[in-house]
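Working through the structure, step by step
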Amino acid sequence: MNPGDRIRVDSDDRTYEGVLLPSSTDDHLVVKLEGGYNVGIDRDGSEIDVLAENVYEIDGAQDDESDESTVEFDDDLPTISLISTGGTIASTVDYRTGAVTAQFDAEDVLRAVPDLAGRANYRGRVVANILSENMEPPIWQELARAVRDEIQAGADGVVVMHGTDTMQYSASALSFMLETTVPIVFTGSQRSADRPSSDNVMNAVSAVEAAKSDCAEVLVCMHASESDTTCALHRGTRVRKNHTSRRDAFETVGGEPLGTVDYGNENVSFRRNYQKRDAVDLELTSELETDVELVKFTPGMDPAFLDIAEGSAGLIIEGTGLGHVHTDLIPKIEELIDDGTTVVMTSQCLEGRVCDRVYDTGRDLLDAGVLEGEDTLPGTAKVKLMWALENSGDVEEAMGTSLAGEIQDRSTPWE
Amino acid sequence: MTEDEYDYEALGLVAGLEIHQQLDTATKLFCQCPTELREPEEATRQFTRYLHPTRSELGELDDAAVEESKVDREFTYLAYDSTCLVEEDDEPPHRLDEEALETTLEVAQLMDMHPVDQANVMRKIVVDGSNTSGFQRSTLIATGGSIETSEGAVGIEDLLLEEESAQRVEETDDGVTYSLDRLGIPLVEIGTSPDIRSPEQALEAAERIGMLLRSTGKVKRGLGTIRQDVNVSIEEGARVEIKGVQSLDDIDDIVRNEVRRQAKLVEIVTELDDRDASVGDSQDVTDVFANTDSGVIGGALSSGGSVTAVPLYGFDGIVGREIAPDRRLGTEFSDHAKRHGAGGIFHTDELPAYGVTPEEVAALRDAVGAGEQDAVAIVAADTDVAESAIEAVASRAQTALEGVPEETRGANDDGTTRYLRPLPGAARMYPETDVPPVEPDPSDVPEPELLTEKVERYQEEYGLGAGLANQVAYGKYMPVFEDVVADGIDPTLAATTLESTLTELRRDDVPVGKLSQRHLEEVFELAEGGELPNEGIPDLLTVLAKEPEQSAEDAAEEAGLGSAGEDEVREAITEVVERNEKQVESEGMQAFSGLMGECMGALRGKADGDLVSEVLREEIQKRA
């Protein structure tokens, strides 16, 4: 008896007939009945007859497509490269865990989002097939190389399909690693592609439109509100996932989003200045110092917690308020710095700028050698420090300077 | 021939029911929001969405979903302070509500059903916008039961626990507005086996199921809280699912009309076959109507539209044939055209009319090569719509050559039905991965007392009359009655208040719907404790219905409805008697009944009737 077989199960005084599903466990058989309902039946005391074998090809169900679109190249359209890393936008049900997992390549995305057709010529590429919580710095590097290769191969814009959990980190990483001549637009979905209400269609369409624009920066393109009307374009280094489940979870911290895509008329517009296409030469600097930690200070924190950072190349502290920790921690931090660790202060307030010159604790931290991260988001600061330790001659100067829009010189959250 | 003459057995009538009943739980099925309905004006937010059909986990697309999504529509949703992100499809569902599951298991027990070992929540794809997610969550809870009817047992195939869809508020050309208050209210769906053999049995089975559901005391009452779908087929016909029969009393008519419709369609097949009928190719006939006086056609053309036509060879006289009361075969064609956005169709069996001249009809027949024996159907609309609508008409006409189409139909108010969409298939079912399976435990579910048993007990135990007992048991306030009587309230007082008094107040336009169980309980407590005479109950309920935020005690005090002491009563009565001194002296005790009413009025419900009567008697005697 295998998944896909049509079976009959006699259990007590009930009889069920249907297709055996792979989600069965040691305790339960899961059977899809004629009407489409799944039902779990205790294996204990059940008598099973296989009526027909392999009625459904369960594993291949998603690949078994005869109407595969062979899209023709249109000289009048720009070429957009779709790079998939996995995640909700390209996911379907995993029968092993019963949860949603990534199983699609870029071509499947085209099939899953027919609305993308006719907007561009597409190149598809899979860099990873992971849930974004499993993202790791080596994959950022691989992704950056893939984007560079795609641009060199003639892509007029790149769309990166990414799980939403760590999208902001990957977008930051590419912001620092790449001098880009074309738009690099990250997008994903908060509601999985297997539901009719998924935000994947509008996000993917809007991302492609943004990738056709003349903004050669790393952007995140996601819903601007709970309505399917507008997507926001966030700078990769200023964006943060601020809600667990809402479609408009992504927000630009400390300001309005850089731009918007109107889903109705497909108009891409920007609020502020941005880097235009071909303003720089395409360049990849992908080396990273991965021995960097991010620690959030909270009341009652065991100072021994900082021992873990001993010998690390870098440490980002997410301090309280203007950028503080318990005074008792300062000697330990000083020790780390003396030992060669670069320590950068950011704030768990998220909104606003670190200023360690206002209170004694701050001044003591500065005396200990802590660098102020300005208004850089803590997560972005971690990625930046990884990059700066490898690629910048003066790390202290780099951490206080905006390299990819991560620091705003003027605090004007209304812009 | 009238429908009454049909021999249902000979025709091979097979019918089944699907009954949908909302449950009266504290919270919704997949979130902690209350299950209360709101007015659209109370909405605090609104947002818009689109839906796209998706494949089942077996890789199939559902026909019904695909047809629904052919029209790209924008959906607007109204949200309230009583709805949350779960209804907005912006937060994953919480776990399956336990209260709803328990009630469903009670229903299962009442119908002798077998609960499943492990219930798996499914997504049933529905892309008409009535669910923000694009699917309705539905769980099979039990199978294999039966109920009794006078014409034999009817099997109960399955019992589902589902979430109610959003309420449609408004529909425009661009899209539909839905209200989120109803979305997520628990709903049980009971599907019978196709064991029903007559319209009367269909009605009886539906009544029986309704009674069993209400016996739990945990179902919602009132318009729209129960909906019946009826599946009907005759031997030579096809399975047709009729959705949304609002009134139980319509069920037998719906079945009768559907049998007649299918029988007529079968007759039409034979007749068309004899005539060697066929459906021709559809074409553009805009030129024929270039100078038309027809308002409908002229209107479509003046806004740049087209007229399309399909010749129906051998169909003359048949398109206009009545197949249900006031509905012709042409009406069926028209239903399909409407699904594609057209306003309807014209056909030669009804033309010339509607401003279309005999000359135009002749020219139309010429243009499509239709002779005397043939019919022509036309659609006038925007070019895209006219083209796809006439194809839909042609396709439905083709089906008329073959027989009765399997389809989903909607119930009309007059007992007829209209085409809605193809029958949905199993392909629309997809597992709901956001909710873990649950293992129902039927062992500690109490078996509820049936309403029929309650009627008997109310008579025997409480001494209620048969009529009142029946009213209470089948009435909306049955659970309140049981609760207050268990708390020691006099059953007769409770029953008359809940059935007679509230009905009278409703007739007087008192908003009794605002009265909660708490209000009623408090009023009964005051009455039972002697703090409120029974005569004051209507007035107090009126006050509470108008100011539901008040407690009964405060409202009684404010309205001066507390029990008057004997002194106060005697004072008021003395006043009345003195005012009518002459009458009392001349008539003696004969004046009693006339003055009793006046005294009660003077006391405005503050005094108990027995006390007033006793004091009045004394006062009259003193003077007579």
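Procedures and definitions
- The numbering scheme is per chain: residues are counted from 1 as the chain's sequence reads.
- For naming, the first written chain is A and the first written ligand is 1, with later ones following in the order written.
- Restriction of local features to residues with pLDDT of at least 70 applies here, the model being predicted, together with a cutoff of 80 or more for giving and counting side-chain atom pairs; totals for whole chains, interfaces and linings are based on all residues.
- Side-chain numbers here rest on the full set of heavy atoms in the structure, without hydrogens or water.
- The secondary structure listing takes helices from DSSP runs of H or I that are at least 4 residues long and strands from runs of E that are at least 2 residues long, numbered from the N terminus.
- Residue exposure (1.4 Å probe, protein chains only): buried if accessible area is under 20% of the type maximum, exposed if over 50%, otherwise partly exposed.
- Working rule for contacts: check all heavy atoms of both residues, and any pair within 4.5 Å makes them a contact.
- Accessible surface is estimated by sampling points in the Shrake-Rupley manner with a 1.4 Å probe; for residues, cover comes only from the protein chains shown.
- Residue ranges labeled as domains rest on an automatic or database domain assignment.
- The span you would expect from a helix comes to 1.5 Å times its residue count less one.
- Directions pointing from the helix axis toward each C-beta atom define the arc.
- An axis is simply a line fitted to the C-alpha atoms; with a helix, the fit covers only the stretch in contact. Between two such axes, the angle follows the N-to-C directions and lies from 0 to 180 degrees.
- Roughly parallel covers angles under 35 degrees, roughly antiparallel covers those over 145, roughly perpendicular covers 65 to 115, and oblique covers all other angles.
- Rotating anticlockwise by less than a right angle from the far helix to the near helix defines a left-handed crossing, while the corresponding clockwise rotation defines a right-handed one.
- Put simply, a nonpolar core is a bunch of buried Ala, Val, Leu, Ile, Met, Phe, Trp, Tyr and Cys residues held in one set by side-chain atoms that sit within 4.5 Å of each other.
- Any pair of nitrogen or oxygen atoms within 3.5 Å is treated as a polar contact; in protein, a donor-acceptor pairing is required on top of that, and neighbouring residues in sequence qualify only through side-chain atoms on both sides.
- Paired rings are identified among Phe, Tyr and Trp, the last through its six-membered ring, by centres lying within 6.5 Å, and are further divided according to the angle between planes into stacked (under 30 degrees), edge-to-face (over 60) and tilted (the rest).
- When the NZ atom of lysine or the CZ atom of arginine is within 6 Å of a ring's centre and also within 35 degrees of its normal, the charge is said to sit over that ring.
- pLDDT gives the predictor's per-residue confidence on a scale running from 0 to 100.
- Put simply, a salt bridge is a Lys or Arg side-chain nitrogen that is within 4 Å of an Asp or Glu carboxyl oxygen.
- Like charges are joined within 9 Å and nonpolar side chains (Val, Leu, Ile, Met, Phe, Trp, Tyr) within 5 Å, but only among residues with over 30% relative accessible area and no salt bridge; these make up the patches.
- The positive count covers Lys and Arg only, the negative count covers Asp and Glu only, and His and the chain ends enter neither.
- To locate a charge, take atom NZ for lysine, CZ for arginine, CG for aspartate or CD for glutamate.
- When residue character is reported, Ala, Val, Leu, Ile, Met, Phe, Trp, Tyr, Cys and Pro are called nonpolar, Asp, Glu, Lys and Arg charged, and the others, Gly included, polar.
- By this definition, two strands are paired if DSSP reports at least two bridges between them.
- Seen with its strands pointing away from the viewer, a crossover is right-handed when the path leading from the first strand over the helix to the second is clockwise.

Here the focus is the overall build of chain A. Scanning chain A from terminus to terminus reveals eight helices and 23 strands. Counting over 415 residues, chain A shows a buried share of 55%. Residue pairs in contact within chain A that sit at least 24 positions apart in sequence constitute 67% of those at least 6 positions apart. Total accessible area on chain A stands at roughly 17300 Å², and carbon and sulfur atoms take up 41% of it.

Attention shifts here to the domain arrangement of chain A. Size of an interface, as often reported, equals the accessible area lost when the parts are brought together. If you check the domain split of chain A, you get domain 1 (6-52), domain 2 (65-284) and domain 3 (292-399). Using C-alpha coordinates to define each centre, domain 1 of chain A is positioned 58 Å away from domain 3 of chain A.

With that settled, consider helix H14 (residues 517-528) of chain B. All names here are of chain B. For H14, built from 12 residues, the straight-helix expectation of 16 Å at 1.5 Å per residue is met to within 8% by its first-to-last C-alpha distance of 16 Å. Within the sequence span of H14, burial applies to His519, Leu520, Val523, Phe524, Leu526 and Ala527. All buried residues of H14 lie within an arc of 160° about the axis, which places them on one face of the element. The first or second residue beyond H14 is Gly530, which carries a positive phi of 80°.

Our focus in this paragraph is helix H8 (residues 358-368) of chain B. Residues and elements named next belong to chain B. Here H8 has its buried residues at Glu360, Val361, Leu364, Arg365 and Val368. Taken around the axis of H8, the buried residues stretch over an arc of 140°, which confines them to a single face. Exposed side chains of H8 directed beyond 90 degrees from the buried face belong to Pro358, Glu359 and Asp366. Contact partners of the buried residues in H8: strand E15 (283-284), strand E16 (306-313) and strand E20 (375-381). Phi for Gly369, located one or two positions after H8, is positive at around 70°.

Residues and elements named next belong to chain B. Contact geometry for helix H7 (residues 329-339) and helix H9 (residues 383-402): axes closest at 8 Å, N-to-C directions at 140°. Classified by the angle their axes make, H7 and H9 are oblique. In terms of crossing hand, the pair formed by H7 and H9 is right-handed. Residue-level inspection shows Leu329, Glu332, Phe333, His336 and Ala337 of H7 in contact with H9, the latter providing Ala389, Ala392, Val393, Arg396, Ala397 and Ala400.

Formed by 108 residues in total, the largest nonpolar core has its most connected members in Met111, Ile190, Phe481, Leu502 and Leu540 of chain B. It is helix H4 (residues 199-215) of chain B that contributes the most residues to this core, eight residues altogether. Discounting chain neighbours no more than four positions away, the residues touching Ile190 of chain B are Leu17, Glu18, Ile19, Val107, Met111, Ile156, Asp158, Leu159, Ile209 and Leu213 of chain B. Judged by nonpolar contacts, the second largest core, of 45 residues, contains Ile83, Ile184, Leu371 and Val383 of chain A.

Turning next to the side chain of Lys241 of chain A. Residue and element names in this part refer to chain A. When you line up the elements, Lys241 lands in strand E15 (residues 239-241). Overall, the relative accessible area of 16% leaves Lys241 in the buried class. Among the polar contacts made by the side chain of Lys241, one reaches the side chain of Asp165 at a distance of 2.9 Å. If we skip the residues at most four places from it in the chain, Lys241 touches Thr164, Asp165, Gln168, Gln190, Ala249 and Phe250.

This next bit is on the packing of aromatic side chains. Aromatic rings in a pair are described by how distant their centres are and how their planes are angled relative to each other. Residue and element names in this part refer to chain B. Following the criterion strictly, the structure yields 10 aromatic pairs over all chains and no others. An angle of 55° between the planes, with centres 6.2 Å apart, marks the rings of Phe75 and Tyr178 as tilted. With a gap of 103 residues between them, Phe75 in strand E3 (residues 74-79) and Tyr178 in strand E10 (residues 175-179) connect regions that are remote in the sequence. Side by side, Phe75 and Tyr178 carry an identical accessibility label, which is buried. Through pairs of rings, three or more aromatic residues link up here, namely Phe47, Phe75, Tyr77 and Tyr178. One Lys or Arg, Arg137, reaches over the ring of Phe30 and ends 5.5 Å from the middle of that ring.

Looking now at the confidence of the model for chain A. Per-residue pLDDT for chain A averages 89, and the proportion of residues at 70 or more is 90%. Note on residues 59-69 of chain A: pLDDT under 50 across the span, and 11 contacts to partners over four residues away in sequence or across chains.

With that out of the way, let us pick up the pattern of salt bridges. Applying the stated criterion across every chain yields a total of 76 salt bridges over all chains. As a salt-bridge pair, Lys332 of chain A and Glu310 of chain A come within 2.7 Å of each other at their nearest N and O atoms. Taken together, the residues Lys332 of chain A in helix H5 (residues 330-338) and Glu310 of chain A in the loop between strand E20 (292-296) and strand E21 (314-319) connect sequence positions 22 residues apart. In this structure Lys332 of chain A comes out as buried when scored by relative accessible area, which is 13%. For Glu310 of chain A, a relative accessible area of 48% translates into the label partly exposed. The partner of Glu106 of chain B in a salt bridge is Lys218 of chain B, and the shortest N-O contact between them spans 2.7 Å.

This part takes up a negative patch on the surface. Residue and element names in this part refer to chain B. A grouping of Asp281, Asp284, Asp287, Asp382, Asp384, Glu387 and Glu391 is seen on the molecular surface, where their side chains present a negatively charged patch. With three residues, H9 is the single largest residue contributor to the negative patch. Along the chain, Asp284 falls in strand E15. Of the residues examined, Asp284 reaches a relative accessible area of 48% and is grouped as partly exposed.

Residue and element names in this part refer to chain B. Mapped onto the fold, Gly355 is located in the loop between strand E19 (346-347) and H8. The exposure class of Gly355 is partly exposed, given its relative accessible area of 37%. For the pair Gly355 and Ser388, spaced 33 residues apart in sequence, the C-alpha separation works out to 24 Å. Among all residues touching Gly355, those that are not within four sequence positions of it are Thr292, Asp293, Ser294 and Glu360.

Another aspect to go through is the packing of helix H11 (residues 466-474) of chain B against helix H13 (residues 491-507) of chain B. Residues and elements named next belong to chain B. Taken N-terminus to C-terminus, the directions of H11 and H13 make an angle of 75°; their axes are 10 Å apart at the nearest point. The orientation of H11 with respect to H13, classified from their angle, is roughly perpendicular. Across from Leu468, Gln471 and Val472 in H11, the residues of H13 making contact are Ala495, Thr496 and Glu499. Here the residues of the contact of H11 with H13 are counted per class, giving three nonpolar, two polar and one charged.

Below, the discussion takes up the sheet that holds E10 of chain B. All names here are of chain B. If you trace the four strands from one edge of the open sheet to the other, you get E2-E3-E10-E9, paired in mixed fashion. What marks the edges here is a single partner per strand, and that holds for strand E2 (45-49) and strand E9 (167-171). Pairs of neighbouring strands in the sheet enclose a mean axial angle of 25°, with direction left out of account. As defined by bridge partners, E3 adjoins E10 across five bridges and the pair is classed as parallel. Each bridged residue has a counterpart across the sheet, and for Tyr77 the counterpart in E10 is Tyr178.

So, on to the side chain of Thr225 of chain B. Residue and element names in this part refer to chain B. Take Thr225: it is sitting in the loop between H4 and strand E12 (226-233). Overall, Thr225 belongs to the buried group, its relative accessible area being 8%. At 3.4 Å, the side chain of Thr225 forms a polar contact with the backbone oxygen of Lys220. A polar contact of 2.6 Å, which involves the side chain of Thr225, links it to the backbone oxygen of Gly222. Those residues in contact with Thr225, other than ones at most four positions away along the chain, are His20, Gln21, Gln22 and Lys220.

In this section: unusual backbone geometry. Working note: non-glycine residues mostly have negative phi, and peptide bonds are mostly trans. Residues and elements named next belong to chain B. At the junction of Leu351 and Pro352, the peptide bond is cis and its omega measures out at 0° in the coordinates. With respect to the element layout, Pro352 can be found in the loop between E19 and H8. At Asp326, a position not held by glycine, the phi torsion is positive, near 60°. With respect to the secondary-structure elements, Asp326 resides in the loop between strand E17 (322-324) and strand E18 (327-328).

Turning to the pairing of E21 of chain A, a few remarks are in order. All names here are of chain A. A large share of E21 lies buried, amounting to six of its six residues. Of the two faces of E21, the one carrying Gly314, Ile316 and Glu318 and the one carrying Leu315, Ile317 and Gly319 are both buried. Judged from the five bridges that link them, E20 and E21 form a sheet pairing that is parallel. Paired with Lys296 across the strands is Glu318, a residue of E21. In this structure, E21 lies alongside strand E22 (residues 342-347), joined through six bridges in parallel fashion. Residue pairing across strands places Gly314 opposite Thr342, the latter belonging to E22. One crossover worth recording links E21 to the parallel E22 by way of H5, and it is right-handed.

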